[in-house]
Amino acid sequence: MSGDEFPTPKEKPEGKSEAGPQGKRNSRGNDGSNGRRGSLGSSLGSADGTEILALRFETHRARLRAVAYRMLGSLAEADDAVQEAWLRLSRSDTAEVVNLGGWLTTAVGRICLDMLRSRRTRREEPLDEPGVRMPEPVLAPVTGADPEQEALLADSVGLALLVVLETLSPAERLAFVLHDLFAVPFDEVATVVGRSPAATRQLASRARRRVQGGAPAPDADPDRQREVVDAFLAAARDGDFDGLVAVLDPDVVARSGAGVTTGAAAVASGAITFGRLAAVGRPALVNGAVGVVGLMEGRLVSVLSFTVVHGRIAVIDIVREPERLAGLDVTFLEG
């Protein structure tokens, strides 16, 4: 793709309609989203150019939401970024835009980059804490995700990957997400981060090394994943230290907002204390991989995601933060 396929559209004159896909602010669904999918319906008014543009925008919404989720690690913020992309599009003269999907992808990238930089400015990142900033997980029943969840979970966007992305600088994260996950050419990514294509390649390369070191490729067989996770839970419930060590990789890493623990012995010791919670844990898909959700009196208190590599658990990512769990729907576990 050449750079001239994505010209910066001119702002429309004042008074032009900005009606279009407005997010429904309903309760969150099973994927943890806040329901802002966009409803064309009566909000469009007459069938004019804005309605046609809105219909075209809707064909790109799922991809844009997936881009924003990988950038921000939050479904609610991803929906906000997608809605902002619509507002920018609705104010723009798109006559010269050849590839609307590409224009929207880079627009969402710019919006997310600004949001990440603002987050750091407000010191929302726990840079001085021993743990990591945990992303908002996407939950689904072990029987499988629905089509909308599949769009979010495609391309191996496991929780482990998102955790590592949270450690990158905003520019590194954008370069990796847009290029490595969504195949946006470096020339286009460079215009978003404000650097040369060569410098942008370096950003993506650094990010790639971090991802490869912190998010190993999991075993592909979900049944095998389930067997290993079930063995881990059984050993944790029974206080079986040796059984835990047997299913853990010697260099296993357990990460949460409270800290990072490494090594099979240390992680097994921590899992022994987790035994009471393991007793009320229920299996679920966490970002497409086998995981466990902890429920107490019907309230979600924890989400564990396991990365199983060569038949052993290599990474455990634990989400306990109330703000990450409050909106997640676990009704699929009932019954």
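Residues numbered from 1 in each chain as written. Predicted model: local features only at pLDDT ≥ 70, side-chain atom pairs only at ≥ 80, totals over all residues. Heavy atoms only, no water.

## As for the overall build of the protein
Selection criterion: A run of DSSP states H or I qualifies as a helix once it reaches four residues; a run of E qualifies as a strand once it reaches two. Both are numbered from the N-terminal end. Exposure is judged per residue with a 1.4 Å probe applied to protein chains only, and the accessible area is read against the type maximum: over 50% gives exposed, under 20% gives buried, and values in between give partly exposed. Residue contacts follow a heavy-atom distance rule, with two residues in contact if any of their heavy atoms lie within 4.5 Å. For accessible areas, the Shrake-Rupley method is used with a probe of radius 1.4 Å. Any residue's cover is judged against the shown protein chains and nothing else.
From N to C terminus, the protein includes 13 helices and nine strands. Scored against the burial criterion, the 335 residues of the protein give a buried share of 52%. For the protein, restricting intrachain contacts to residue pairs at least 6 apart in sequence, the fraction spanning at least 24 positions comes to 67%. Counting every atom, the protein has about 15,100 Å² of accessible surface; 50% of that belongs to carbon and sulfur.

## Some details on the nonpolar core
We count it as follows: We define a nonpolar core as any set of buried Ala, Val, Leu, Ile, Met, Phe, Trp, Tyr and Cys residues linked to one another through side-chain atoms lying within 4.5 Å.
Ranked by internal contacts, the top residues of the largest apolar core, which has 53 residues, are Leu-89, Leu-165, Leu-174 and Phe-176. Those elements that provide at least two residues to this core are helix 1 (49-72), helix 2 (75-90), helix 3 (100-121), helix 5 (159-165), helix 6 (170-181), helix 7 (186-193) and helix 8 (197-214). With sequence-adjacent residues up to four places away left out, Leu-89 is seen in contact with Leu-53, Phe-57, Thr-94, Leu-100, Trp-103 and Leu-104.

## Considerations on the packing of aromatic side chains
Keep this limit in mind: Centres within 6.5 Å make a pair out of two Phe, Tyr or Trp rings, where for Trp the six-membered ring is used; the pair is then stacked when the planes are under 30 degrees apart, edge-to-face when over 60, and tilted otherwise.
Under the criterion given, the structure shown has two aromatic pairs. Geometrically, the ring pair formed by Phe-232 and Phe-306 is edge-to-face, given 5.3 Å between the ring centres and 65° between the ring planes. Of the two residues, Phe-232 is situated in helix 9 (residues 222-238) and Phe-306 in strand 8 (residues 299-309); the sequence distance between them amounts to 74 residues. A single burial state applies to Phe-232 and to Phe-306, both of which are buried.

## Focus on the pattern of salt bridges
For clarity, the threshold we go by: Salt bridge criterion: a side-chain nitrogen from Lys or Arg within 4 Å of a carboxyl oxygen from Asp or Glu.
Scanning the entire structure with this criterion turns up twelve salt bridges. Bridged by salt links that share partners, the residues Glu-77, Arg-119, Arg-133, Glu-166 and Arg-173 form one connected network.

## As for the pairing of strand 9 (residues 312-319)
Basically, it comes down to this: For two strands to be treated as a pair, DSSP must find at least two bridges joining them.
For strand 9, the buried fraction is high: seven of the eight residues fall into the buried class. In this sheet, strand 9 lies alongside strand 4 (residues 248-256) in parallel orientation, the contact comprising four bridges. Paired with Leu-248 across the strands is Ile-313, a residue of strand 9. Pairing of strand 8 with strand 9, which is carried by seven bridges, proceeds in the antiparallel orientation.

## A word on the sheet that holds strand 5 (residues 259-262)
Strand pairing in a sheet relies on backbone hydrogen bonds. The paired strands run either parallel or antiparallel. If you trace the seven strands from one edge of the open sheet to the other, you get 3-6-7-8-9-4-5, paired in mixed fashion. A single partner strand is all that each edge strand has here, and the edge strands are strand 3 (139-140) and strand 5. As judged from the four bridges shared by strand 4 and strand 5, these two strands associate in the antiparallel manner. The residue of strand 5 that forms the bridge with Ala-254 is Thr-261.

## Concerning the environment of Arg-133
Structurally, the position occupied by Arg-133 is in the loop between helix 3 and strand 3. Sequence spacing of Arg-133 and Ser-256 is 123 residues, and the spatial spacing of their C-alpha atoms is 7.8 Å.

## Quick look at the side chain of Arg-255
Spelled out, the test is: Pairing of N or O atoms within 3.5 Å defines a polar contact, subject to two protein rules: one partner must be a possible hydrogen donor and the other a possible acceptor, and residues neighboring in sequence count only if both atoms are side-chain atoms.
Summarising the element assignment, Arg-255 is placed in strand 4. Its relative accessible area of 9% is what places Arg-255 among the buried residues. Here the side chain of Arg-255 touches Gly-214 through a polar contact of 3.2 Å, landing on its backbone oxygen.

## With respect to the side chain of Gln-225
Looking at where Gln-225 falls in the secondary structure, it is placed in helix 9. Within polar-contact distance, the side chain of Gln-225 engages the backbone nitrogen of Val-290 at 3.2 Å.

## Thoughts on the layout of surface pockets
To keep it simple, the criterion reads: Two kinds of site are reported from a 1 Å grid over the protein atoms alone, namely cavities, where a 1.4 Å probe fits but cannot get out, and pockets, open sets with protein on both sides within 12 Å along at least five of seven lines, and residues are called lining when an atom falls within 4 Å of a point. Grid points are joined across faces, edges and corners, and a volume is the space filled by probe spheres set on the points.
Empty space within the second largest pocket amounts to approximately 270 Å³. If you go around the second largest pocket, you meet 17 residues; those closest to its centre are Ala-254, Gly-270, Ala-271, Ile-318 and Arg-320. At the level of elements, strand 4, strand 5, helix 11 (264-273) and strand 9 are the ones that each hand at least two residues to the lining of the second largest pocket. No other element matches the five residues that helix 11 contributes to the lining of the second largest pocket.

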